[in-house]
Amino acid sequence: MSDPARPEDLPKPDTFETPDADARTGAEAGDPQVLTGPSAAPSGTGAADPAPEATSHSPLAPLRHPAFRLIWTATLVANLGTLIQNVGAGWMMATLTPSHDMVALVQASTTLPVMILAIAAGALADNFPRRRVMLMAQTFLLVVSALLAVVAFMGLLNPWTLLTFTFLLGCGSAMHLPSWQASMRDLVPRDDLAAAVTLNSMSFNLMRSIGPALGGLVVAWAGPATAFALNAISYTAVIYALARWNSPQEPRALPPERMGHAISAGLRYVSMSPNLMRMIGRGLVFGVGAVTLLALLPVITRDMLGGTATTYGVMLGAFGLGAIGGALGSPRIRARFSIETIICGAFVLSAVGTAIVALSRYEALTVLGLMIAGSAWVSALSLFNVSVQLATPRWVVGRALSIYQTATFGGMAVGSWFWGLLSDVIGIPGALLAAATVMVVGAVLGRIWPMPDFSDVNLDPANRFSAPALRLDLKPQSGPIMVMIDWDIPPENTQAFLAAMTERRRVRIRDGAQQWALLRDLENPDIWVETYHVPTWVEYIRHNIRRTQADVESYDRLVKLHRGPERPHVHRMIERQTVPLTDDTMIPHKLP
């Protein structure tokens, strides 16, 4: 247990809330039930619900904002370097070993780190300045790329050394991605968010339409080492843009969460949000199936088409060109169809494109299949990303995105390895047709896990909680804290109250409450007591300021069930040891 401390060690009540009429009773006015947004209760498939993001049909609308335009332009250069590097790595592995699964592991080694590190990176994105996190990640990528180029020029690369470097590059990307994705709402307003996410995908695929072909030429004329060196140089563009960006500084009245607690909070929030779970589940299935073409494309080019490094670059360019078409058409498609319809269509198109490549022995037909699969790729992944962002409040958006990326990229990593292994057993066409079947299954899953449509729900902070005036001086880490809320419920409101409390329990636990319970007074059955614990006083403050504007209406409905002119009374208690920790004397039981 913590000892009393100086008052200045504690967050001040007016630092982060505006006191309200409940300050006298200490009622948790900002602690209503959350069940109205996409991250709360499951919703039906419903009809298409045009989102505010779809009101502007121009996919280039976010470029009106200078900061976004600067960083987006820099990412074009970095993406070009990455794609040239990918061609060099893929083709070098194909020349170092004839094994299909080793070639596929190049793709897996870059996506596996996202599965391993993304959640920790999301916690960093939510607790520290995102611009600083991105600068550190980009600097790391620059150093690793430069070392890879040096080792390649010296002729010291072997298959496992190459996989080690690509794995480290994947680690840098894993640390960068959550902060970059979560920064979209710092760079553009909500109405341009969907277009901004799509433009991010488009920037990569725009370079994919020329980068692989250029990479093929670089590899053919100058060798893979030169491709690695060009990638290292490309990172300087993003570092420069981030250094120029005057990112908004969010006020942080509370200290950052410890890494373990931050990761647990993110996992808990997502696990208690059914719609987020279905988005992540569908993203996992899509990643497993859709990555097949990219993972096996080097051996598809070499063995099925008899192509060279230049041909491989052209094939990657075809995939990127299809993705650009999908990105440009996304705003109008989102305006006309529900999200589930678009996602289902993306699964089907990806299956069709994969099947065409499996059956093709001609470059032109393979290009067609890759373009179809590329358009499905960007349509699905950008829509998954936007849906997760709009379903998540700001305090946890980095972690929610990182969990989504962990599932999707984890599926890609596992899929890359599995399809490569399967192709060694049943051949490349058989593996591609099996992957196409998985994508059809993913479309059918929409009947079980339908995607929710965009919502106008406001997930901004409610700012209705007021920290109470305490007569004990507490440190931020003082605790554990037990909270009890007294409810006076007339008999006719009991069933409605219990239903509301079932939902309230989920939200309490989602936002950090432990050992939640609802008790009924045996002598006065109209009195109900809601109880829960939090580890420390600062966690109690954090638990309450996580409420959003969307929570207010449902909480007000719950208060209407309460009898009396005043709101429910809240007791905040700190646990204290009554027996010294060194005293292990057994207390004898009394005989009856």
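Look up a bit, the structure's there.
Below you will find a few notes about this structure. None of the values given here were measured: they were computed from a predicted structure.

What counts as what
- Residues numbered from 1 in each chain as written.
- Predicted model: local features only at pLDDT ≥ 70, side-chain atom pairs only at ≥ 80, totals over all residues.
- Heavy atoms only, no water.
- Helix = DSSP H or I, 4+ residues; strand = E, 2+ residues; numbered from the N terminus.
- Buried < 20%, exposed > 50% of the residue type's maximum accessible area, 1.4 Å probe, protein only.
- Axes fitted to C-alpha atoms, helices over the stretch in contact; angles between N-to-C directions.
- Parallel < 35°, antiparallel > 145°, perpendicular 65-115°, else oblique.
- Left-handed = near helix turned anticlockwise from the far one by under 90°.
- Contact = heavy atoms within 4.5 Å.
- Nonpolar A, V, L, I, M, F, W, Y, C, P; charged D, E, K, R; others polar.
- Patch = residues over 30% accessible without salt bridge, like charges linked within 9 Å, V, L, I, M, F, W, Y side chains within 5 Å.
- Areas by Shrake-Rupley, 256 points an atom, 1.4 Å probe, with all protein chains shown as cover.
- Salt bridge = Lys/Arg side-chain N within 4 Å of Asp/Glu carboxyl O.
- Core = buried A, V, L, I, M, F, W, Y, C linked by side-chain atoms within 4.5 Å.
- Arc of directions from axis to C-beta.
- Polar contact = N/O pair within 3.5 Å; in protein donor to acceptor, adjacent residues only side chain to side chain.
- Pairing = 2+ DSSP bridges.

Points about the overall build of the protein chain
Part 1 of the argument: The number of helices and strands found in the protein chain is 19 helices and four strands.
Part 2 of the argument: By residue count, 57% of the 592 residues in the protein chain fall in the buried class.

Overview of the packing of helix α15 (residues 397–426) against helix α16 (residues 428–444)
Angle between the axes and distance between the axes are the two parameters that describe a pair of packed helices.
Part 1 of the argument: Viewed as axis vectors pointing N to C, α15 and α16 meet at an angle of 130 degrees, and their least axial separation amounts to 7 Å. Classified by the interaxial angle, the pair formed by α15 and α16 is oblique. Crossing of α15 over α16 shows right-handed handedness. Residues Trp 419, Leu 422, Ser 423 and Ile 426 of α15 form the contact with α16, whose participating residues are Ile 428, Gly 430, Ala 431, Ala 434, Ala 435 and Val 438.
Part 2 of the argument: Broken down by class, the residue content of the contact of α15 with α16 amounts to eight nonpolar, two polar and no charged.

Examining the environment of Val 348
Part 1 of the argument: Mapped onto the secondary structure, Val 348 falls in helix α13 (residues 339–359).
Part 2 of the argument: Put simply, Val 348 and Ala 436 are 88 residues apart on the chain and 8.5 Å apart in space, counted from C-alpha to C-alpha.

What about a nonpolar patch on the surface?
Part 1 of the argument: A contiguous nonpolar surface patch, about 350 Å² in accessible area, is contributed by Val 414, Trp 417, Phe 418 and Leu 421.
Part 2 of the argument: Here Leu 421 is to be found in helix α15.

A short note on the side chain of Glu 340
Part 1 of the argument: Inspection of the secondary structure puts Glu 340 in helix α13.
Part 2 of the argument: Residue Glu 340 is classed as buried on the basis of its relative accessible area of 11%.
Part 3 of the argument: When near neighbours in sequence (up to four residues on either side) are disregarded, Glu 340 contacts Arg 282, Gly 446, Trp 449, Pro 450 and Met 451.

What about the nonpolar core?
Part 1 of the argument: In terms of nonpolar packing, the biggest core is built from 92 residues, with Leu 157, Phe 228, Phe 286 and Ile 300 touching the most fellow members.
Part 2 of the argument: Those residues in contact with Phe 228 that sit more than four places away from it in its chain are Gln 85, Gly 88, Ala 89, Met 92, Ser 145, Leu 148, Ala 149, Ala 152, Leu 157 and Leu 162.
Part 3 of the argument: Met 184, Val 238, Ala 323 and Ala 327 belong to the second largest nonpolar core, which has 32 residues in total.

Some points on helix α19 (residues 552–560)
Part 1 of the argument: For α19, the complete set of buried residues consists of Val 552, Ser 554, Tyr 555, Leu 558 and Val 559. Seen end-on, α19 carries its buried residues on one side only, within an arc spanning 165 degrees. Facing away from the buried side of α19 by over 90 degrees, the exposed positions are Glu 553 and Lys 560.
Part 2 of the argument: Tucked inside the fold, the buried residues of α19 contact β1 (481–488) and α17 (494–510).

Examining the side chain of Asp 526
Part 1 of the argument: Topologically, Asp 526 is positioned in the loop between β2 (514–520) and β3 (527–534).
Part 2 of the argument: Here Arg 563 takes part through its side chain, which lies 2.7 Å from a polar atom of the side chain of Asp 526.
Part 3 of the argument: Apart from residues no more than four positions distant in its own chain, Asp 526 is found in contact with Trp 487, Asp 488, Ile 489, Pro 491 and Arg 563.

Some thoughts on the sheet that holds strand β4 (residues 569–574)
Part 1 of the argument: Read across the open sheet, the four strands follow the order β2-β3-β1-β4; overall the sheet is antiparallel. Either end of the sheet is taken by a strand with one partner, and the two such strands are β2 and β4. Averaged over all adjacent pairs, the angle separating strand axes in this sheet is 15 degrees, with direction ignored.
Part 2 of the argument: In this sheet, β3 lies alongside β1 in antiparallel orientation, the contact comprising eight bridges. Each residue of the ladder has a partner; that of Ile 485, found in β3, is Glu 530.
Part 3 of the argument: Contacts between helix α18 (residues 537–545) and the sheet are confined to β1, β3 and β4, with β3 contributing the most and set at about 115 degrees to the helix.

Observations regarding unusual backbone geometry
Part 1 of the argument: At Gln 515, a position not held by glycine, the phi torsion is positive, near 55 degrees.
Part 2 of the argument: A relative accessible area of 58% means that Gln 515 is categorised as exposed.

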